[in-house]
Each structure stands twice: as C-alpha cells, then as structure tokens.
Amino acid sequence: MAHIIVVGNEKGGAGKSTVSMHIATALSRMGHKVGALDLDLRQQSFGRYANNRKAFMAEANLDLPGPDFHQLPEIDPESLQPGENIYDQRLSLAVATLEPDCDFILIDCPGSHTRLSQVAHSLADTLVTPLNDSFVDFDLLAHIDANGEKILGPSVYSEMVWNARQLRAQAGLKPIDWVVLRNRMGAQQMVNKEKMGKALENLAKRIGFRVAPGFHERVIFRELFPRGLTLLDLRDIGVKQLNISNVAARQELRDLMKSLELPEVEIDF
C-alpha cells in the first residue's frame, strides 16, 4: 500500500509546487518509487515543473531521478452511477493505478477549495501545509485577535482537515499526520516572526498538527523551475561548487524531510 502525501492549503503563493517537487525528487533519489498528481487542473504548476524536468533531461541527455507524473484520467460521464461524482472517480482511478507500483504517491492540491482537494485530503496519510511566515497566511488556519496572540477560532481550511480526519476515522484508517511548514521565513529575528512561532505552537496543540521548518526565501528556487530541477540535481548538471545559499537550502530540505517522519525513509543526502 502506497503512503499518500498530500501537499495542500487554500491559499496560493505559499510554495506548494516547490515543496512538492523537492519532496518527490528527494524520495526518488533515496530509491523510492514515487507517483505524482497535480489537482490544479487549470494552472498545473507542479505538472509544469515535472514537464520542464522531462524536457530538460531530454535536451541535456541526462537521466535524473524523479517522480512518475500522471494526469488525472478522463472518465465518460455516462459511465457514472446515479450520485457518483466524476472528480471523485477520476482521482480514485488515478490513485488505484499508481498504488500497485509506488511506495509513495504525492498529490499537489490547488490553492483554493475544490471537490478534488477535499477528497484528496481525506486520502492523506501525511498532509503537508506550506505556510508563508505571516499572519496573512496564518488566517488560513485560524482567526486571531489584533495583537496576534489570542486564537479566536479555526478557519474553514482547518475545518476541512477536521472533516477529512472524521471520514478516515469512520473508514477505520489511521489518522492524518498533519505537518505545517513555516515557509519563506526571513533570516532576521523579528517580533512578527516570534509572534508567529508562538501562535503556531498554541494552535498546533488545539487542532493537532506538527510545526516543521520549510524553505527560506531564495532566488535559487525561481531559477530551478524552468528546467524542472531541484537542489539535489545541481551537482548532476555540473555545478561542482555550491555557494553558501545553496548549501543552506540543501540543509533546509534535509531538515524538512526528517520532520515528515515518513515510513521506511532514511535521509541520505
């Protein structure tokens, strides 16, 4: 049975596709078979990342480890039974196709609430929610008072995760391991950064997620996307000497992978 990793939130610009590609590629480089799906049927940022990688490898005559990316299969609407949802069936068929041959299936969700995203969250063994380190993005998880200290209540996204957990419990499946990544953090110690940390720690205890370090804001991520590359590919494409920023980013990826605590995964990069 493949372990399903869902990367999701309901806000764009948090770095979901970058996180998805780096997790999937890291697992592939460690010898795991990884299937990948992009549920943002309109923008397909993760899908374009994977396609860029495929095109670059063909042009450079390289064979780099990476996920096996699949589009959602099309289904004839007339084949559906009364009450069946076509998006449910497309996602179920995609997962069923990948599961026999994969150790992990990584699903990248759109930055909005959709039926596909809702169903994907209920399939997650591990849910990864990248979050920009600001109270604008914190509002995705919970509403907070003007001082940034008192939590007033959960957001609609947290409620959706709660519903997904309830569905899994009813089906007798193990609980979702929910990991919130503090992404695009600044290097400086600032009051807002400290407040964010305390607010996340308090909320984590209330609604049940783990807080983990994500990526700092770095130019390298924007430079890698057009070629579909990750930090782990740099030496394979001829970058012999990594600069300080690249070395630090690799360490961030290593820390991220360790924090996910995925089954049968030993971090060896």
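Residues numbered from 1 in each chain as written. Predicted model: local features only at pLDDT ≥ 70, side-chain atom pairs only at ≥ 80, totals over all residues. Heavy atoms only, no water.

**Student:** In this structure, what is going on with the environment of L141? I would like to understand it.
**Tutor:** With respect to the element layout, L141 can be found in the loop between α5 (135-138) and β6 (142-144). Here L141 falls in the buried class, since its relative accessible area comes to 0%. Measuring from C-alpha to C-alpha, the distance between L141 and A204 comes to 9.9 Å, with 63 residues separating the pair along the chain. (Helix = DSSP H or I, 4+ residues; strand = E, 2+ residues; numbered from the N terminus. Buried < 20%, exposed > 50% of the residue type's maximum accessible area, 1.4 Å probe, protein only.)

**Student:** Looking at this structure, I do not really get the nonpolar core. What am I missing?
**Tutor:** Within soluble globular proteins, side chains that are nonpolar tend to cluster in buried spots. Among the nonpolar cores identified, the biggest contains 41 residues, and I5, I23, L27, V128, M257, L260 and L262 are the most heavily contacted of them. Secondary structure elements with two or more residues in this core: β1 (3-7), α1 (16-29), β2 (34-38), α2 (45-60), β4 (104-108), β8 (177-183), α8 (219-224) and α9 (244-260). For this core, the leading source of residues is α1, giving six residues. Residues within four places of I5 in sequence aside, it is in contact with I23, L27, F104, I105, L106, I107, T126, V128 and L262. In terms of nonpolar packing, the next biggest core, distinct from the first, is built from 39 residues, C102, F138, I176 and F209 among them. (Core = buried A, V, L, I, M, F, W, Y, C linked by side-chain atoms within 4.5 Å. Contact = heavy atoms within 4.5 Å.)

**Student:** I keep staring at the sheet that holds strand β5 (residues 126-132) and nothing clicks. Help me out?
**Tutor:** Sheet strands pair via backbone hydrogen bonds, and the direction of the pair is either parallel or antiparallel. The strand order across the open sheet formed by seven strands is β3-β2-β4-β1-β5-β8-β9, and the pairing between neighbours is parallel. Of all the strands in the sheet, the pair left with one neighbour each is β3 (68-70) and β9 (210-213). Pairwise comparison of adjacent strand axes, ignoring direction, gives a mean angle of 25° for this sheet. Pairing of β5 with β8 involves seven bridges; the strand directions are parallel. Residue pairing across strands places L131 opposite R182, the latter belonging to β8. Sitting on the sheet, α2 is in contact with β2, β3 and β4, with an inclination near 130° to β2. Contacts between helix α3 (residues 86-98) and the sheet are confined to β1, β2, β3 and β4, with β2 contributing the most and set at about 165° to the helix. (Pairing = 2+ DSSP bridges. Axes fitted to C-alpha atoms, helices over the stretch in contact; angles between N-to-C directions.)

Geometric values such as these leave the question of function open.
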